[in-house]
Amino acid sequence: MPVGRVETGILKPGMVVTFSPANITTEVKSVEMHHESLAEALPGDNVGFNVKNVSVKEIKRGMVAGDSKNDPPKEAKNFKAQVGMIFLLLLTLSGVIPSKVLSDFSSCLAQHKLGNI
């Protein structure tokens, strides 16, 4: 039984969903919250759902399920992200983070072409 939070849209029995990035498509048999069946799950709901003919071993942590008939999820070749650094900056200014951590973090940023500190 896959479990997770509904971030957008709805999840309901009878829907055909695709798990990405594995590209596994299956039908949702039931949706449950706190061991009670739901007619549909809404954004913010943490639910478990039963799916047809898919082994629990095929679904891994971090996979995304989406409506296969309406813009199914797919793997991104690349993306841009804006990362907040306020917490790290405050710790750095207070001297809490050792220089080795800052050096490793700076190398990571440079490797991903995100800048330098």
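You'll find the structure just up there.
Anyway, here's the lowdown on the structure attached to this text.

Reading the values: the criteria
- Residues numbered from 1 in each chain as written.
- Predicted model: local features only at pLDDT ≥ 70, side-chain atom pairs only at ≥ 80, totals over all residues.
- Heavy atoms only, no water.
- Helix = DSSP H or I, 4+ residues; strand = E, 2+ residues; numbered from the N terminus.
- Buried < 20%, exposed > 50% of the residue type's maximum accessible area, 1.4 Å probe, protein only.
- Polar contact = N/O pair within 3.5 Å; in protein donor to acceptor, adjacent residues only side chain to side chain.
- Contact = heavy atoms within 4.5 Å.
- Core = buried A, V, L, I, M, F, W, Y, C linked by side-chain atoms within 4.5 Å.

### Section: the side chain of serine 30
With respect to the helices, strands and loops of the structure, serine 30 is situated in strand β3 (residues 24-33). The buried category is assigned to serine 30, whose relative accessible area is 17%. Polar side-chain contacts of serine 30 include one of 2.8 Å to the side chain of asparagine 50. Among all residues touching serine 30, those that are not within four sequence positions of it are Pro13, Gly48, Phe49 and Asn50.

### Observations regarding the nonpolar core
With 14 residues, the main nonpolar core has Leu11, Phe19, Val28, Val31, Val47 and Phe49 as its most contacted residues. Those elements that provide at least two residues to this core are β2 (16-20), β3 and β5 (46-51). Filtering out sequence-adjacent residues up to four positions away, valine 31 remains in contact with Leu11, Lys12, Pro13, Glu36, Ser37, Leu38, Ala41, Val47, Gly48 and Phe49.

### Observations regarding unusual backbone geometry
In this structure, the amide linkage connecting serine 20 to the following residue, proline 21, adopts the cis form with an omega of 10°. Mapped onto the fold, proline 21 is located in the loop between β2 and β3. The phi torsion at asparagine 53 lies on the positive side, around 55°, for a residue other than glycine. With respect to the helices and strands, the residue asparagine 53 is situated in the loop between β5 and β6 (64-67). Under the relative-accessibility criterion, asparagine 53 is labelled exposed at 78%. Its identity is not glycine, yet aspartate 71 carries a phi of approximately 55°, on the positive side. The residue aspartate 71 is located in the loop between β6 and α1 (86-94) in this model.

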